[in-house]
Protein chains: 2
Amino acid sequence: MSNPSPLIAAIEAGGTKFVCAVGTGPDDLRDIARIPTTTPGETLAEVDRYLSMAQSKHGPFAAIGVGSFGPVDLDKASKTYGCITTTPKPGWQSVGVVNRLQSRYQVPVAFDTDVNAAVLGESLWGAGKNTDPLVYITVGTGVGGGVLVHGQLLHGILHPEIGHLMVPAPQHSKAVHDICHCPFHKNCVEGYVSGAALAARWGVRADTFSNDHPAWQETAKVMAHALANITLTLCPRRIILGGGVMQQPHILPLIRKSLAKVLNGYFKVPEMDQSLDHFIVPPGLNGHSGILGALALGDRALKKSMLGETC
Amino acid sequence: MSNPSPLIAAIEAGGTKFVCAVGTGPDDLRDIARIPTTTPGETLAEVDRYLSMAQSKHGPFAAIGVGSFGPVDLDKASKTYGCITTTPKPGWQSVGVVNRLQSRYQVPVAFDTDVNAAVLGESLWGAGKNTDPLVYITVGTGVGGGVLVHGQLLHGILHPEIGHLMVPAPQHSKAVHDICHCPFHKNCVEGYVSGAALAARWGVRADTFSNDHPAWQETAKVMAHALANITLTLCPRRIILGGGVMQQPHILPLIRKSLAKVLNGYFKVPEMDQSLDHFIVPPGLNGHSGILGALALGDRALKKSMLGETC
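Description of the structure in this document. Since the model is a prediction, treat every value here as computed from it, not as a measurement.

1. Quick word on the interface of chain A and chain B
Between chain A and chain B, the residue contacts involve 50 residues of the former and 49 residues of the latter. Taking both partners together, chain A and chain B bury about 4,300 Å²; carbon and sulfur atoms supply 66% of that area. Linking chain A to chain B there are 0 salt bridges. The interface formed by chain A and chain B contains 18 residue pairs in polar contact (both at pLDDT 80 or more). Looking at the side of chain A that touches chain B residue by residue, the class counts come to 29 nonpolar, 16 polar and 5 charged.

2. Brief notes about the nonpolar core
Counting residues in each nonpolar core, the largest one holds 109 residues, and the members touching the most others are I137(A), L241(A), I137(B) and L241(B). Ignoring sequence-local partners within four residues, the contact set of I137(B) consists of V143(B), G144(B), G145(B), I162(B), M223(B), L227(B), I230(B), I239(B), I240(B), L241(B) and G242(B). Listed in part, the 43 residues of the second largest apolar core include V66(B), V95(B), V98(B) and L101(B).

3. Remarks on the packing of aromatic side chains
With the rule as written, the count across this model stands at 14 aromatic pairs over all chains. Centre to centre, the rings of F69(B) and W92(B) are 5.7 Å apart; their planes meet at 70°, and the pair counts as edge-to-face. Here W92(B) lies in the loop between strand 5 (83-84) and strand 6 (95-96) and F69(B) lies in the loop between strand 4 (63-68) and strand 5, a separation of 23 residues in the sequence. With a relative accessible area of 7%, F69(B) lands in the buried category. For W92(B), a relative accessible area of 0% gives the class buried. Grouping aromatic residues by their ring pairs yields a cluster made of F18(A), F69(A) and W92(A).

4. Some details on the relation of the copies chain A and chain B
When chain A is fitted to chain B, the best match, at an RMSD of 0.0 Å, comes from turning it 180° and sliding it 0.0 Å along the axis. The superposition operator between the copies reduces to a two-fold rotation axis. Of every C-alpha in chain A, the one belonging to P168(A) sits nearest the axis of rotation, 2.0 Å from it. Comparing interface residues between copies, 98% of those in chain A also sit at the interface in chain B, which points to an isologous, same-surface contact.

5. Some thoughts on the sheet that holds strand 2 (residues 17-25) of chain B
All names here are of chain B. The 5 strands lie next to each other as 3-2-1-4-7, forming an open sheet whose pairing is mixed. Looking at which strands have only one partner, the edges of the open sheet turn out to be strand 3 (28-36) and strand 7 (109-113). The mean angle between the axes of side-by-side strands here comes to 15°, regardless of whether they run parallel or antiparallel. In terms of strand pairing, strand 1 (residues 8-13) meets strand 4 through 6 bridges, oriented parallel.

6. What to know about helix 5 (residues 195-202) of chain A
Residues and elements named next belong to chain A. Here helix 5 has its buried residues at G195, A197 and L198. Projection of helix 5 onto a plane perpendicular to its axis shows the buried side chains occupying an angular sector of 165°, all on one side. Where helix 5 is buried, its residues contact helix 4 (189-193) and helix 6 (214-234). Positive backbone phi, at 85°, marks G203, one or two positions downstream of helix 5.

7. What about the sheet that holds strand 7 (residues 109-113) of chain A?
Backbone-to-backbone hydrogen bonds join strands into a sheet, with any given pair of strands oriented parallel or antiparallel. All names here are of chain A. Here 5 strands make up an open sheet; going across it, the order is 3-2-1-4-7 and the pairing mixed. If you trace the sheet from one side to the other, it starts and ends with strand 3 (28-36) and strand 7, each paired once. Put simply, the sheet's adjacent strands are angled 15° from each other on average, direction ignored. Pairing of strand 4 (residues 63-68) with strand 7 involves 5 bridges; the strand directions are parallel. Its bridge partner lying in strand 7, G65 is registered against A110. Sheet strands touched by helix 1 (residues 40-58): strand 1 (8-13), strand 2 (17-25) and strand 3. Its angle to strand 3, the strand with the most contacts, is close to 155°.

Definitions and cut-offs
- Residues numbered from 1 in each chain as written.
- Chains lettered and ligands numbered in written order.
- Predicted model: local features only at pLDDT ≥ 70, side-chain atom pairs only at ≥ 80, totals over all residues.
- Heavy atoms only, no water.
- Contact = heavy atoms within 4.5 Å.
- Buried area = accessible area lost by both parts, 1.4 Å probe.
- Salt bridge = Lys/Arg side-chain N within 4 Å of Asp/Glu carboxyl O.
- Polar contact = N/O pair within 3.5 Å; in protein donor to acceptor, adjacent residues only side chain to side chain.
- Nonpolar A, V, L, I, M, F, W, Y, C, P; charged D, E, K, R; others polar.
- Core = buried A, V, L, I, M, F, W, Y, C linked by side-chain atoms within 4.5 Å.
- Buried < 20%, exposed > 50% of the residue type's maximum accessible area, 1.4 Å probe, protein only.
- Phe/Tyr/Trp six-rings, centres within 6.5 Å; stacked < 30°, edge-to-face > 60°.
- Helix = DSSP H or I, 4+ residues; strand = E, 2+ residues; numbered from the N terminus.
- Least-squares fit on C-alpha atoms with pLDDT ≥ 70 in both.
- Pairing = 2+ DSSP bridges.
- Axes fitted to C-alpha atoms, helices over the stretch in contact; angles between N-to-C directions.
- Arc of directions from axis to C-beta.

Now the structure itself:
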């Protein structure tokens with residue numbers, strides 16, 4: 001008989017809200033709480049209150065996993081490891097998350113991007129089981145993506161920043177450079193199709209668009225070019241599309257059709273049939289990809305620390 | 001004292017020529033031969049003749065490593081594993097390479113793309129030592145790229161096909177969709193800046209362009225967008241640019257400058273300073289990245305087979 005799974009605290013640190021939970025796995029997620037992201041002082045104090053409550057109610061947790069909005073510093077040799085770094089979100093530049101939790105709770109603290117957490121959660125329990133390389137992309141207020149390859153989350157000179165992939169402008173726009181709303185780039189995915197970009201461009205929120213609104217064809221086309229580029233670079237076996245903008249029921253079929261057109265038969269592999277139904281899929285964890293991924297991060301950090309590695 | 005390194009046969013199978021060699025490592029590469037790529041029957045017979053000669057001269061080789069033009073089938077569970085598949089090169093579709101060598105020589109045969117071989121060679125002995133993730137891109141007659149991540153060559157639903165990354169059209173072209181020469185895609189790197197595309201567009205070979213020819217600024221811009229996308233997806237710690245078109249001494253500085261402009265300060269990491277001199281680099285193996293990588297592939301296959309794994 002194996003030991004009972006250890007209790008892990010999980011934090012999905014988003015630009016709009018922090019989701020917190022404790023649990024041992026996907027079938028045991030307790031006391032999910034949503035804390036608005038206001039100032040670091042206020043929000044992190046609320047997280048502390050949550051963790052104290054959870055600890056007195058459920059007992060001590062063995063590790064903490066954090067999936068955070070970014071960019072974040074994931075380089076353990078860096079002085080700013082565990083910090084949110086150059087985010088445009090006011091007040092959140094250079095905010096340390098890991099040190100604070102580690103000194104307070106004295107347990108291993110794992111830290112990664114929110115989207116890397118989500119791809120890990122989906123790979124373990126959701127729409128990406130036994131699927132490697134695997135990509136998870138969220139299209140919400142912003143656009144981000146996480147990557148799992150060779151069983152590990154991908155980091156390198158930074159972490160994936162898929163939202164800023166440069167793509168050809170959607171064809172039927174005349175003033176192509178005027179419609180990208182990214183403050184950094186002239187032709188990037190986030191600048192074209194994030195919820196914020198769509199609202200800024202069309203003057204109303206994307207969830208009020210009718211199904212035949214021209215924004216959807218453009219969104220599909222921009223996403224198709226981004227997904228083509230990801231496919232040509234990473235060769236994922238599946239790409240999971242989450243986030244508010246992707247929840248419109250007609251958008252995934254539009255994106256699949258546009259992707260097939262863009263790739264134009266270049267990938268002749270059996271897994272990627274014409275319909276692309278198994279290649280471009282929605283998340284399998286019902287809105288819990290990120291928080292379950294954060295829990296899995298905590299669990300991995302615990303196992304590493306038990307093996308004597310630094311975590 | 002360790003055993004002497006085993007003798008490996010290496011084949012770099014290119015669309016223009018096959019390079020063959022035997023050796024034990026970068027300081028011991030013997031009898032490098034170049035065989036023109038004509039018909040599969042003719043070229044592969046020449047390869048056989050080379051291998052027989054090499055064997056009688058240097059003794060038996062313990063493994064064979066092949067880096068091949070593609071697309072190739074790298075799925076060991078597939079019936080067409082070890083074949084060149086849907087290449088546009090006349091006569092070379094569905095040509096089996098691995099089976100032929102394995103049945104003839106009864107040694108482990110490793111098989112990968114020419115560019116994955118090159119990135120492996122550069123990572124072991126060239127410009128990419130201790131640098132992971134690492135990308136190698138060649139811009140010659142065509143454009144291709146290999147990827148090493150977590151110490152392994154990247155494969156998934158296929159292998160990287162970086163030459164077909166979709167990018168915004170170079171700005172100062174009026175008829176943007178008329179200048180991409182790829183038969184599959186409207187906006188891809190190979191269609192814009194391969195040697196063949198440049199020659200088709202401007203009517204003369206790229207190596208005759210003067211240094212101030214407008215093609216170079218366009219080439220730099222297209223490459224910069226491709227490299228930005230690779231950086232945003234894979235976060236490599238270095239990108240090596242090889243191939244004929246990249247040998248013009250002024251092109252790498254132009255590409256670095258354009259890449260810095262395209263990314264526009266988004267990657268604030270110390271390794272990627274403004275000059276990008278250590279991020280975008282030429283190959284370190286003096287034209288031997290591919291053949292030495294093929295040798296390393298053979299050596300890895302031998303080690304795996306000695307560990308009892310299938311190779």
